[in-house]
Amino acid sequence: MTSRNSEPPAGDSLRGGDERTADEKREDAATTIVGWKEIGRFFGRTESTVKRWEASRALPIRRVPGSAGATVYAYESELRAWLEGSPTAPSETRADGAGIVPANRPRAFAIAITAFAVIVGLAGAAYFTAGLWRAKDSAIAESKDPKATQLYKAALFEWQTRTPAGLVFAVKDFQGAIARDPNYAPAYAGLANCYNLLREFTPMPPEVAYPRAKAAAERAIALDPSIAEAHAALAFDDFYWSRDPRDARRQFLTAIALKPGSAEIHHWYATFLMTVREFPQAMREIDDAARLDPESMAILADKGLILINQGSKPEAIALLRRLEDTQPQFLSTHQYLAEVYLGSGNDSAYLKEVALAAKLRGDPRQRQIADAAQTGFTAGGHTAMLQSILAAEQQLYARRQQSAYQVALAYARLQNWDQAMAYLKLSVARHEPENIAMDVADALAPLRSRSDCRALLASAGLESSS
């Protein structure tokens, strides 16, 4: 079927003069046709005929990247242009509307999102991807407004990419869905999840991201208390921002009870358990998440992080390197590998990974640190590299562009424990979200035996069990 309700015109009817209105032309430009059968129906021909046309006559057929069964689709505007012998119309100029990507989005990304929205609408299921596609365990929650539903479906894909551009587009589309249907609770839950991740994958400050995420999650729950994703988003904020591990655990368990088949919720609960050093249960939860969604890069990367923090570094490195080879544009693998390589003294591998992470994140602060590390290493090896990183962190901190926690880590790597402790205290006093990792950060392990550090952990809502 096509992505609109009306039957497409027969092929011969396309050859005459174009008497369509401007709105009809925009609609045709936005229409996506999915599957060989429907593409054949558009022309009034068989599947084998249109397949032959693709091979012999350059029929403009597209394929969803990584999809099972090589799902094909086409834009009606491009099929019309091909039939009439004119140049193929660029997809970036399609009118913005329900399920359609604005012109300024990257071409490959736009193609994937549009196809995703159509396929999800046909299948009635959500798809999880970080460049890979698979059906998830529950149906899409429909709005009373079909255009709001289309925006919501597109935003789900964009959010799951875990890229800065994808998250920004997802916020726009979730907000667009809410604007059309102010009582569309799942869109609020999706918006909450976006803001939680924008703090991690973009330079958005936590003091901006977390309160917005919390407000959106609470609105979703007020509209519909049964939305598991909203409870999970609220748990995320309760722990990482409000530092209330007891309520965070309660919200996570509520979310799991509401939706035990959600890979995403098991995933986030696993990272919570890791941070409070419940490593065996964290591994069980992340394995449950991976079983439910074996194609998720985010889940597998965070399994690597859990392995790092529980001390299984060779296994973690092997996993993360496989993921890096599979999808080199995924940010988390580079960040995690950079950290483990820095701690283990593999300087050349660290320099490579930290530079890639800085580029992918698009954060000039991280770029400055990566450049300083390279300069220091070139000038004087490992110790000079650590000193250059500290100097860069201090410069950023002086400009209020870096956290005290990151400066503390830089001092700890140079084994300046008193200065590290002083900056950790500043970090806790300033309520910096990053210090949530104090109890698992490898660089801080020697400090955790000190009584002042144990007291600081308790004041930050963390209790050391090391």
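Residues numbered from 1 in each chain as written. Predicted model: local features only at pLDDT ≥ 70, side-chain atom pairs only at ≥ 80, totals over all residues. Heavy atoms only, no water.

A few points about the packing of aromatic side chains
Centre distance and the angle of the planes are the two values used to describe a pair of aromatic rings.
Alright, step 1. Counted by the stated rule, this structure contains 12 aromatic pairs.
Alright, step 2. Centre to centre, the rings of F236 and Y240 are 4.6 Å apart; their planes meet at 40 degrees, and the pair counts as tilted. Remark: Y240 and F236 occur in helix α10 (residues 228-240); sequence separation between them is 4 residues, near one turn of the helix. There is no split in this pair, since F236 and Y240 are both buried.
Alright, step 3. Between the aromatic rings of Y269 and F272, the centroid separation amounts to 5.9 Å while the plane-to-plane angle is 15 degrees, which identifies the pairing as stacked. With Y269 and F272 both in helix α12 (residues 263-275) and 3 residues apart, this pair spans about one turn of that helix. Considered together, Y269 and F272 belong to a single accessibility category, that of buried residues.
Alright, step 4. Among the aromatic residues, those joined into a ring-pair cluster are F236, F239, Y240, F252, W268, Y269 and F272.
Alright, step 5. Sitting above the plane of the Y188 ring, R219 keeps its charged end 5.8 Å from the centroid. (Phe/Tyr/Trp six-rings, centres within 6.5 Å; stacked < 30°, edge-to-face > 60°. Helix = DSSP H or I, 4+ residues; strand = E, 2+ residues; numbered from the N terminus. Buried < 20%, exposed > 50% of the residue type's maximum accessible area, 1.4 Å probe, protein only. Lys NZ or Arg CZ within 6 Å of the ring centre and 35° of its normal.)

Brief notes about the nonpolar core
Alright, step 1. F174, Y350, M438 and L444 are the most contacted members of the largest nonpolar core, which has 122 residues in total.
Alright, step 2. Not counting residues up to four positions away in its chain, the partners in contact with F174 are Y152, A155, L156, W159, A187, G190, L191 and C194.
Alright, step 3. Of all hydrophobic cores here, the second largest spans 13 residues; its members include F43, V50, W53 and A74. (Core = buried A, V, L, I, M, F, W, Y, C linked by side-chain atoms within 4.5 Å. Contact = heavy atoms within 4.5 Å.)

Considerations on the pattern of salt bridges
Alright, step 1. Taken as a whole, this structure holds 17 salt bridges when the rule is applied.
Alright, step 2. The salt bridge partner of R180 is D145, with a shortest N-O separation of 3.1 Å. In this pair, R180 is assigned in helix α7 (residues 164-180) and D145 in the loop between α5 (107-123) and α6 (146-160), connecting sequence segments 35 residues apart.
Alright, step 3. A relative accessible area of 42% means that R180 is categorised as partly exposed. (Salt bridge = Lys/Arg side-chain N within 4 Å of Asp/Glu carboxyl O.)

Quick notes on the pairing of strand β3 (residues 72-75)
Alright, step 1. Here β3 shows no split at all, with V72 and A74 on one side and Y73 and Y75 on the other all buried.
Alright, step 2. In this sheet, β3 lies alongside strand β1 (residues 32-34) in antiparallel orientation, the contact comprising 3 bridges. Note that in β3 the partner of V34 across the bridge is Y73. (Pairing = 2+ DSSP bridges.)

Focus on unusual backbone geometry
Alright, step 1. Of note in the backbone geometry, R277 takes a positive phi value of approximately 65 degrees without being a glycine.
Alright, step 2. By the secondary structure assignment, R277 is in the loop between α12 and α13 (279-292).
Alright, step 3. A positive phi angle, near 60 degrees, is found at R400, a position not held by glycine.
Alright, step 4. For R400, the position within the fold is in the loop between α18 (364-398) and α19 (404-413).
Alright, step 5. Taking the relative accessible area as the measure of exposure, R400 reaches 81% and is therefore exposed.

Thoughts on the confidence of the model for the protein chain
When pLDDT is low, close inspection of the predicted coordinates is not appropriate.
Alright, step 1. When the pLDDT values of the protein chain are averaged, the result is 80; 78% of them are 70 or greater.
Alright, step 2. When the criterion is pLDDT under 50, residues 1-30 qualifies, and its contacts beyond four places in sequence or with other chains add up to 41 contacts.
Alright, step 3. Note that residues 86-138 has pLDDT below 50 and, in this model, 138 contacts with residues that lie over four places away or in other chains. (pLDDT = per-residue confidence, 0-100.)

A word on the side chain of H267
Alright, step 1. The residue H267 is located in helix α12 in this model.
Alright, step 2. If we skip the residues at most four places from it in the chain, H267 touches R162, I286, A289, A298, I299 and D302.

Considerations on helix α20 (residues 417-429)
Alright, step 1. The end-to-end C-alpha separation of α20 is 18 Å, in line with the 18 Å expected for 13 residues at 1.5 Å each.
Alright, step 2. Those residues of α20 that sit buried are A420, M421, Y423, L424, S427 and V428. In an axial view of α20, the angular spread of the buried residues amounts to 170 degrees, which keeps them on one side of the axis. The exposed residues of α20 that point more than 90 degrees off its buried face are D418 and A429. (Expected span 1.5 Å × (residues − 1). Arc of directions from axis to C-beta.)

Details of the packing of α20 against helix α21 (residues 451-459)
Alright, step 1. Where α20 meets α21, the axes come as close as 10 Å, and the angle between the chain directions of the two elements is 15 degrees. Compared by their axis directions, α20 and α21 come out roughly parallel. α21 is crossed by α20, and the crossing has left-handed handedness. Of the residues in α21, those in contact with M421, L424, K425 and V428 of α20 are D452, C453, L456 and S459.
Alright, step 2. Within the contact of α20 with α21, the residues separate by chemical class into 5 nonpolar, 1 polar and 2 charged. (Axes fitted to C-alpha atoms, helices over the stretch in contact; angles between N-to-C directions. Parallel < 35°, antiparallel > 145°, perpendicular 65-115°, else oblique. Left-handed = near helix turned anticlockwise from the far one by under 90°. Nonpolar A, V, L, I, M, F, W, Y, C, P; charged D, E, K, R; others polar.)

Brief notes about helix α16 (residues 331-344)
Alright, step 1. The terminal C-alpha atoms of α16 lie 20 Å apart, and with 14 residues this matches the ideal 20 Å at 1.5 Å per residue to within 8%.
Alright, step 2. Judged by how many residues are buried, α16 sits mostly within the fold: 11 of 14 residues are covered.
Alright, step 3. Among the residues of α16, L331, S332, T333, H334, Q335, Y336, L337, A338, V340, Y341 and L342 are the ones counted as buried.
Alright, step 4. On the buried face of α16, the contacting elements are α8 (185-201), α14 (297-309), α15 (313-326), α17 (347-361), α18 and α19.
Alright, step 5. Where α16 terminates, the next one or two residues include G345, which has phi positive at roughly 85 degrees.

A look at the packing of α12 against α13
Alright, step 1. Two elements in contact, α12 and α13, have axes whose closest approach is 8 Å; the angle formed by their N-to-C orientations is 160 degrees. Relative to α13, the element α12 lies roughly antiparallel. Handedness of the crossing formed by α12 with α13: left-handed. Listed contacts from α13 to A263, H266, H267, Y269, A270, L273 and M274 of α12 are F279, Q281, A282, E285, I286, D288, A289 and L292.
Alright, step 2. Split into classes, the residues belonging to the contact of α12 with α13 amount to 10 nonpolar, 3 polar and 2 charged.

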